[in-house]
Structures are given as structure tokens and as C-alpha cells.
Amino acid sequence: MNLFDNFFMNQLKRLLRISWRPLMAITLIFILIKKGPFQIEQLKFTLSNITIVSLGFILFFLQLLLFSFRWKLFINLVSEVRLFKVFKLNLIGYFFNYFIPGGVGGDIVKALELSKNNQSSRSEALSTVLSDRIFGLFAMVSFTFFFLLLEYALHHEKYVLKFLILSGSLFFIIALSLLFLPVFLAKISSHLSTKNSVVLKKIEKLVSSLHFTFITFRNIKIQIKSFFISFLGQALAIYFMFEVVRVLGVPQPSFFVFFSLCCFVFVASAIPIFPAGIGVGQAAIYVIFSHISEDLAKATITAITALQIFNLFYALIGGAIFSFMPKVDDKLKKEPVAIEI
């Protein structure tokens, strides 16, 4: 293979690595449009409603502010940073989650930018981002479990029981992992200390990266504040979706059920496979809400698409902010990212 062939193959691999995620997202959206659940006319109607549009701009700005404050809770354990800077970094993270869906996502960029001109290292900055993301996901799973538990206790719906079992399983798995994984791994490590275990080394590296998360999980004050902020932030987004469905004239379940199932969708959308959850959010909505009714599933797909459009607006602002910021210097680029225990 000559030099030209090597260059061509490397460029092709790079192109595939960058493009496969947005292509998958587009494919999912295309399938939903062709199959019927994605209603473009509903989306046009929603975005022509002045009340919904005004609500979207206001609620998602407030949500961004709340999530910035939540991340700042973890940053404060490492160094002092102004809320305005944290807010800007969150906007930048949104931008990269939408437009750079390759190996470097918004979370990594946020950590890099946080560590610049600050009293924290890249590893410390990344640890705060990981903690914020993990606790945000854990909060959503917790809300889903407890709200569905309450709904099932009141009405004993069969479809609620299915999601209750799933959310309960996720809740206990995550909680037990955050509480006992380091201790459990330490015991395994002592038993395998004489063996060269590749799997163990990988697990130890993961646990090392999440060490800050395990520590902060035992901080009750941080947990209470994080849960409260997460609830308010998710409530804003879900209230927006609830209003979209109402404007479309589709019968809705109780807000408890709607809130809980939307949290399920947000958890699925947060998996870093698709850029900003586009495509997978719509697919998850359809799978989950079609258990209640087909019309509700279609209307909720419209609602989450409108949500993503408003998030995209703020992501573009983040991109504009990033374009005027100084780039990461070479010394910072060479600093290792791994978080040591």
C-alpha cells in the first residue's frame, strides 16, 4: 500500500469516526418520518404558537442556569469559579454535543476550558463534569422510580408496573454501585493481586476516574442540593413538553406519569451515542409512550423535537462564545486526563 493509499484510508477512517453518529441519528429520524410517528405538521404548528415559543426560550434558559449552578456545586469542591463562567462553559458543552459528535464531546471540552486559567487540573475539572453528569442521570432515574411507585400505588396500571420494575432496578444498581463499587473492587484486587488481570486493570482505571464521584456521593448536602436542582431543571423541560402535548389537543396521562416517562427518555438520550440525543430521544419516546396511546406518542415526539430545537438555539450561542475564546495551549494538551485516587 503506497503513501497515497495510506493517507486515503486514514482520512476515510477519520470521516467515518466523525460521521457515523449523526448519520445514525438522521437515519432514525428518517425511519420515524416514513413510519408515521414523526408528524412534521404538528411540529410546524407547535413552532408557530407564540406562547410555546416564548415558553421555550424562557424555560430552557432557566434550565441552563440551574444546571450550571448544579455543576458549580462540584466545581466548588475543587476551586472557586464564577457562575457566569460556568454558564458559558455549559453553553459551549451544548455546542460540542450537537456539532462534534466524535471522540471529543461537550463534557471533555467543558473540562478543558474549566482547567484553563484556573486553580484546577484537567483531571480535577473532568472529575467535576463526570460527577455532575452521573448525579444528573441518577436523579432522573430516582424521580422516575419514586413517581411511578406513587402512581402505581394510587391506580395499579399494568403499563406503569413495567416501567416501575425497570426504573427500580436501575435505581438500586446505580445506588449500590456508587456506594460499594470501590470497596468491592478493592476486595477483588486483593484476591487477584498475584495475577495479571487485564479486565481488573480496566475496572480499576474506571473506578480511579470516578473516585471524585464516589466521594461526593457520600456528601449529603451536595446530594440534596443536586437532587433539588435536578428536579427543578427536569421539571422545566417536562412542563414545556407537557404544554406542547396539551396545545396539540392530545389526551394526557397524569403529570406524575408523564414526568416519570420523560425522565426515562432523557436517560436514554444522555447515552453518548447520538449527537445531543437526536433520533434516540424520538425513538425512545415512541417506544415508551405508545404503551399509553399512539396519538400521545406522536405528540410527545413533536414535543421532544421542539425541545431539541430550543437547545440547539442555545448551543449555537455556545459555539459563538467558543469561537472567540483562546485555544488550549500545548502544555495543557499534554497534561494527562486520568484522575488519580
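Here goes a summary of the coordinates provided. Since we're looking at a predicted model, the values are computed, not measured.

### Comments concerning helix α3 (residues 50–75)
In an α-helix, one turn spans 3.6 residues; hence positions three or four apart end up facing the same way. With 26 residues, α3 should reach 38 Å at 1.5 Å per residue; the first-to-last C-alpha distance of 37 Å fits that figure. Capping the start of α3, N49 holds a side-chain oxygen 3.0 Å from the backbone nitrogen of T51, two or three residues further along.

### Concerning the nonpolar core
Counting residues in each nonpolar core, the largest one holds 69 residues, and the members touching the most others are F240, M241, F258, F266 and F289. If we ignore the near neighbours within four places in the chain, the residues touching F266 are M140, Q234, A237, I238, M241, I304 and L307. Ranked by size, the runner-up nonpolar core spans 16 residues in total, among them F96, V109, L126 and V129.

### Focus: the side chain of S115
Structurally, the position occupied by S115 is in helix α5 (residues 106–115). Of note is the side chain of S115, whose polar atom sits 2.8 Å from the backbone oxygen of L112.

### Digging into helix α4 (residues 83–99)
Taking 1.5 Å of rise per residue, the 17 residues of α4 would be expected to cover 24 Å, and the 25 Å separating its terminal C-alpha atoms lies within 8% of that figure. Restricting attention to buried positions, one finds in α4 the residues V86, F87, L89, N90, L91, I92, G93, Y94, F95, F96 and Y98. Against the buried residues of α4 lie α3, α5 and α13 (294–323).

### Details of the side chain of Q42
Looking at the secondary structure, you find Q42 in helix α2 (residues 40–47). A distance of 2.8 Å separates a polar atom in the side chain of Q42 from a polar atom in the side chain of T302.

### Comments concerning a nonpolar patch on the surface
Together, F57, I58, F61, L62, L65, F69, L83, F313 and I317 make up an exposed nonpolar region whose accessible area comes to about 710 Å². Those elements that provide at least two residues to the nonpolar patch are α3 and α13. In terms of residue count, α3 provides more of the nonpolar patch than any other element does, six residues in total. Assignment of secondary structure puts F313 in helix α13.

### Concerning the packing of aromatic side chains
A complete count under the given rule lists 32 aromatic pairs for this structure. A ring pair is formed by F135 and F217, whose centres lie 6.0 Å apart and whose planes are at 20°; its orientation type is stacked. Of the two residues, F135 sits in helix α6 (residues 122–155) while F217 sits in helix α9 (residues 211–217), which places them 82 residues apart along the sequence. Classification of F135 by relative accessible area gives buried; the value is 0%. According to the relative accessible area criterion, F217 is buried, its value standing at 12%. Residues F138 and F227 carry aromatic rings whose centres are separated by 5.7 Å and whose planes lie at 80° to one another, so their mutual orientation is edge-to-face. Note that F138 is positioned in helix α6 and F227 in helix α10 (residues 220–247), a separation of 89 residues in sequence.

Analysis parameters
- Residues numbered from 1 in each chain as written.
- Predicted model: local features only at pLDDT ≥ 70, side-chain atom pairs only at ≥ 80, totals over all residues.
- Heavy atoms only, no water.
- Helix = DSSP H or I, 4+ residues; strand = E, 2+ residues; numbered from the N terminus.
- Expected span 1.5 Å × (residues − 1).
- Polar contact = N/O pair within 3.5 Å; in protein donor to acceptor, adjacent residues only side chain to side chain.
- Core = buried A, V, L, I, M, F, W, Y, C linked by side-chain atoms within 4.5 Å.
- Buried < 20%, exposed > 50% of the residue type's maximum accessible area, 1.4 Å probe, protein only.
- Contact = heavy atoms within 4.5 Å.
- Patch = residues over 30% accessible without salt bridge, like charges linked within 9 Å, V, L, I, M, F, W, Y side chains within 5 Å.
- Areas by Shrake-Rupley, 256 points an atom, 1.4 Å probe, with all protein chains shown as cover.
- Salt bridge = Lys/Arg side-chain N within 4 Å of Asp/Glu carboxyl O.
- Phe/Tyr/Trp six-rings, centres within 6.5 Å; stacked < 30°, edge-to-face > 60°.

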